[in-house]
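One-letter residues, chain by chain:
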Amino acid sequence: MPKSSLFLVLRRMRAPLIALIAIYAISITGLVVIPGIDAHGRPARLDFLHAFYFISYTATTIGFGELPHPFTPAQRLWVTFCIYLTVIGWSFAFVKVLALFQDRWFLHALAAQRFTRSARRLPEPFYLLCGYGETGAILCRALDRLGYRMVVLDRDEFRIAELELADLRADVPALTADARQPEHLLASGMDTPHCIGVLAMTGDERTNLAIAASVRLLRPHLKLICRAETPEVVAEMRLFGVEDIIDPFETFAGYLRLAMRSPGSYQLLQWLTGLPGTSLTKETEPPRGLWVVHGEGHFASVVAAALQRGGADVRLVGAAPVGSGDAPIATAPTASGVVAGTGDDTRNLAIAMAARRAGPRPFTVVRQNRHSRRMLFEALPRRPGGRRARDPGARMPGPRVDPAAGTLPDDRRGT
Amino acid sequence: MNLEKVVFGFFIVLAATLNFGFFIGDIDEPGHHDVYMLFATIVVNLIATVLKFGDRTQIGAIHLATSLVADLQLGAAALIWGIAIHVLGTGFTPETTVTVVSMSAGALLANIVSVILLIAETLMLRR
């Protein structure tokens with residue numbers, strides 16, 4: 001048993017152990033003091049050895065009987081009392097032990113210690129992955145295929161439970177812990193020479209920033225890849241000297257632009273950065289012309305800017321419902337491309353469906369926010385020859401592209 | 001005043017005093033050493049040991065170590081006594097008494113160390 005858990009067990013067991021010692025002491029003293037008689041009727045007291053022997057087998061309900069001589073009524077009276085006393089003592093201790101092993105804190109302490117031991121003693125180079133979200137899961141599988149070892153931290157115990165079920169080649173030590181705390185990073189072996197990099201891939205960019213700060217201050221030269229979405233956080237990460245910052249929206253927009261301007265380069269990039277085991281297929285070039293971008297916020301503005309630079313005529317439609325005034329634009333026969341980029345998956349699906357019904361099918365980009373709705377996005381009808389693109393790469397609320405004529409970006413750089 | 005500290009100090013000092021009470025007297029004179037006293041010493045020492053469980057500090061570790069030493073020595077003393085009387089049947093002879101009392105003297109030393117630690121701890125708190 002790990003050290004501090006052992007201390008916790010000892011600490012919690014103080015009361016029942018003292019109770020047991022006291023009960024044994026009282027019982028033994030009583031047996032020694034109360035006079036008895038031997039087989040010939042002569043007075044004979046129990047000595048300490050026999051009293052201890054008797055109480056030991058009586059308290060544990062083994063019950064060898066009245067030894068060494070049959071007891072007198074006075075002794076029997078005392079023994080009756082002792083039996084109940086010792087049973088209470090043992091039950092108390094037993095209940096305490098059971099409660100201890102049900103204790104969440106205790107179980108977590110045990111798990112944390114097991115994790116720390118296995119993480120810090122990994123005999124091979126490993127990456128420390130913070131955040132086993134959808135991005136983390138994909139990265140984890142990819143790195144595992146490439147033969148890297150990993151150590152995973154995530155705040156959500158359900159995600160950790162999912163990792164345990166993931167079909168990975170190597171054993172991956174994982175812990176439910178807040179990666180913002182530097183001690184959790186150290187417990188994961190960040191300061192050991194075998195740690196070759198930290199991947200801050202949680203869904204919360206402030207957490208990623210905190211991880212970046214800890215890594216840069218505690219191990220300045222360690223490889224560090226962080227995920228960030230807003231320009232402010234990106235700027236702060238740069239202050240900490242993080243070179244590899246992944247902005248999923250920017251990355252996606254960059255790929256889209258590259259695919260428009262130079263499809264060949266895009267395909268080459270896909271080939272070079274793809275997940276192990278994916279084959280290169282023919283990509284459909286995103287058309288120029290009128291693009292309708294649905295959505296608001298960072299994603300829509302980044303994608304619109306990229307499309308513009310790629311040579312498209314962009315119309316940004318806000319968060320207006322599909323059925324209202326702006327809807328005709330979405331289904332306008334002139335639109336050559338539609339981006340369903342709102343933060344709402346159901347609406348994105350609705351926009352995609354609406355786009356399909358409009359005359360010549362436009363090139364459609366659909367953003368999938370939640371991994372759990374994956375099957376709906378996969379079920380979107382596709383144009384013959386179009387393919388469902390690869391998994392949404394290294395981003396969690398990632399854009400999924402195109403049921404109609406798909407390209408899907410991938411930003412797994414540096415791994 | 002903290003009740004837990006009172007109980008802690010009480011058992012540590014009581015363990016030392018009972019141990020001393022058993023030890024005092026001629027080392028080879030069976031009449032000077034009472035079996036009830038030894039029993040009480042063992043019980044109080046065990047309780048003192050359990051009270052010291054779960055303290056991860058350096059001084060806590062030494063505390064626990066001294067108590068474990070005392071338990072070991074007193075347990076050995078009781079065992080020798082029991083074997084001499086019941087297994088070998090030699091009775092409580094002066095030779096046995098010398099061994100038992102020597103064992104309890106070792107335990108007494110450990111208990112004194114424990115008391116000194118207690119005092120040192122208290123003095124450190126004062127500052």
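Scroll up for the structure.
Residues numbered from 1 in each chain as written. Chains lettered and ligands numbered in written order. Predicted model: local features only at pLDDT ≥ 70, side-chain atom pairs only at ≥ 80, totals over all residues. Heavy atoms only, no water.

Engineer: Can you help me understand the interface of chain B and chain A in this one?
Structural biologist: One widely used convention gives an interface's size as the accessible area the parts lose upon coming together. In this complex, chain B contributes 14 residues to the contact, which on the side of chain A involves 19 residues. Buried surface at the junction of chain B and chain A, summed over both partners, amounts to about 1600 Å²; 77% is from carbon and sulfur atoms. Along the contact surface separating chain B from chain A lie one salt bridge. A salt bridge links B:Glu4 to A:Arg14; the shortest N-O distance between them is 3.9 Å. (Contact = heavy atoms within 4.5 Å. Buried area = accessible area lost by both parts, 1.4 Å probe. Salt bridge = Lys/Arg side-chain N within 4 Å of Asp/Glu carboxyl O.)

Engineer: Even after reading the chapter, I still don't get the nonpolar core, so can you show me in this structure?
Structural biologist: General note: in soluble globular proteins, nonpolar side chains tend to be found buried as a group. Counting residues in hydrophobic clusters, the biggest one holds 42 residues, and the most contacted among them are A:Ile28, A:Leu31, A:Phe54, A:Ile55 and B:Ile47. The set of elements that each furnish at least two residues to this core consists of helix 1 (3–12), helix 2 (14–33), helix 3 (48–59), helix 4 (73–102) and helix 5 (104–120) of chain A together with helix 1 (3–23) and helix 2 (35–51) of chain B. Examining the composition of this core, we find that eight residues originate from one element, helix 2 of chain A, more than from any other. In this view, A:Leu31 contacts A:Leu46, A:Ala51, A:Phe54, A:Ile55, A:Gln75, A:Trp78 and A:Val79; residues no more than four positions away in its chain are not counted. Of all hydrophobic cores here, the second largest spans 30 residues; its members include A:Leu122, A:Val151, A:Val198 and A:Ala200. (Core = buried A, V, L, I, M, F, W, Y, C linked by side-chain atoms within 4.5 Å. Buried < 20%, exposed > 50% of the residue type's maximum accessible area, 1.4 Å probe, protein only. Helix = DSSP H or I, 4+ residues; strand = E, 2+ residues; numbered from the N terminus.)

Engineer: Explanation requested: the pairing of strand 8 (residues 312–317) of chain A in the structure shown.
Structural biologist: Across a regular strand the side chains alternate sides, sitting on one face of the sheet and then on the other. Residue and element names in this part refer to chain A. Note: strand 7 (residues 289–294) against strand 8, six bridges, orientation parallel. Note on strand 8: the bridge partner recorded for Gly-289 is Ala-312. Note on the crossover from strand 7 through helix 13 (residues 297–309) to strand 8: the handedness is right-handed. (Pairing = 2+ DSSP bridges. Right-handed = clockwise from strand over helix to strand, strands pointing away.)

Engineer: Which parts of the structure should I look at to understand the packing of aromatic side chains?
Structural biologist: Any pair of aromatic rings gets described here by the distance separating the centres and the angle formed by the planes. Residue and element names in this part refer to chain A. This model, assessed by the stated rule, comprises 17 aromatic pairs over all chains. Centre to centre, the rings of Phe-249 and Phe-299 are 5.2 Å apart; their planes meet at 70 degrees, and the pair counts as edge-to-face. One end of the pair, Phe-249, is in helix 11 (residues 248–261); the other, Phe-299, is in helix 13, and 50 residues separate them in sequence. Grouping residues by exposure puts Phe-249 and Phe-299 together as buried. Summarising the aromatic geometry, the rings of Tyr-255 and Tyr-266 are spaced 5.9 Å apart at their centres and angled 70 degrees between planes, so their arrangement reads as edge-to-face. You can see Tyr-255 sitting in helix 11 and its partner Tyr-266 sitting in helix 12 (residues 263–273), a full 11 residues away along the chain. For the pair formed by Tyr-255 and Tyr-266, the shared burial category is buried. Three or more aromatic residues joined by ring pairs form one cluster here, namely Tyr-53, Phe-54, Tyr-57, Phe-64 and Phe-71. One residue, Arg-367, lies across the ring of Phe-299, its end atom 4.9 Å from the ring centre. (Phe/Tyr/Trp six-rings, centres within 6.5 Å; stacked < 30°, edge-to-face > 60°. Lys NZ or Arg CZ within 6 Å of the ring centre and 35° of its normal.)

Engineer: In this structure, what is going on with unusual backbone geometry? I would like to understand it.
Structural biologist: In terms of backbone geometry, most residues other than glycine have negative phi values and most peptide bonds are trans. Residues and elements named next belong to chain A. With an omega of -5 degrees, the peptide bond between Leu-67 and Pro-68 qualifies as cis. Here Pro-68 lies in the loop between helix 3 and helix 4. For Thr-61, which is not glycine, the phi dihedral falls at a positive 60 degrees. By the element assignment, Thr-61 lies in the loop between helix 3 and helix 4. Residue Thr-61 is classed as exposed on the basis of its relative accessible area of 62%.

Engineer: Whenever I open this one, the sheet that holds strand 4 (residues 195–200) of chain A confuses me. Can you help?
Structural biologist: Strand pairs in the sheet, formed through backbone hydrogen bonds, run parallel or antiparallel to each other. Residue and element names in this part refer to chain A. With parallel pairing, the six strands of this open sheet are ordered in space as 3-2-1-4-5-6. One side of each edge strand has no neighbouring strand; the edge strands of this open sheet are strand 3 (174–176) and strand 6 (244–246). Put simply, the sheet's adjacent strands are angled 15 degrees from each other on average, direction ignored. Two strands pair when backbone bridges link them, and strand 2 (residues 149–154) and strand 3 are joined in this way by three bridges, in the parallel orientation. Bridge assignment links Val-152 to a residue of strand 3, and that residue is Ala-174. Set on the sheet, helix 5 makes contact with strand 1 (126–130), strand 2 and strand 3; between it and strand 3 the angle comes to about 150 degrees. The sheet contacts of helix 7 (residues 157–165) involve strand 2 and strand 3, and relative to strand 3 the element is tilted by about 160 degrees. (Axes fitted to C-alpha atoms, helices over the stretch in contact; angles between N-to-C directions.)

Engineer: Is there a simple way to think about the packing of helix 11 of chain A against helix 12 of chain A in this case?
Structural biologist: Two numbers describe a pair of packed helices, the interaxial angle and the distance between the axes. Residues and elements named next belong to chain A. The N-to-C vectors of helix 11 and helix 12 enclose an angle of 135 degrees; their axes lie 5 Å apart at closest approach. In terms of axis orientation, helix 11 runs oblique to helix 12. Touching Tyr-255, Leu-258, Ala-259, Met-260 and Arg-261 of helix 11 are Pro-263, Ser-265, Tyr-266, Leu-269 and Thr-273, all from helix 12. Of the residues belonging to the contact of helix 11 with helix 12, the class tally is seven nonpolar, two polar and one charged. (Parallel < 35°, antiparallel > 145°, perpendicular 65-115°, else oblique. Nonpolar A, V, L, I, M, F, W, Y, C, P; charged D, E, K, R; others polar.)

Functional significance is not addressed by these values, which are geometric in nature.
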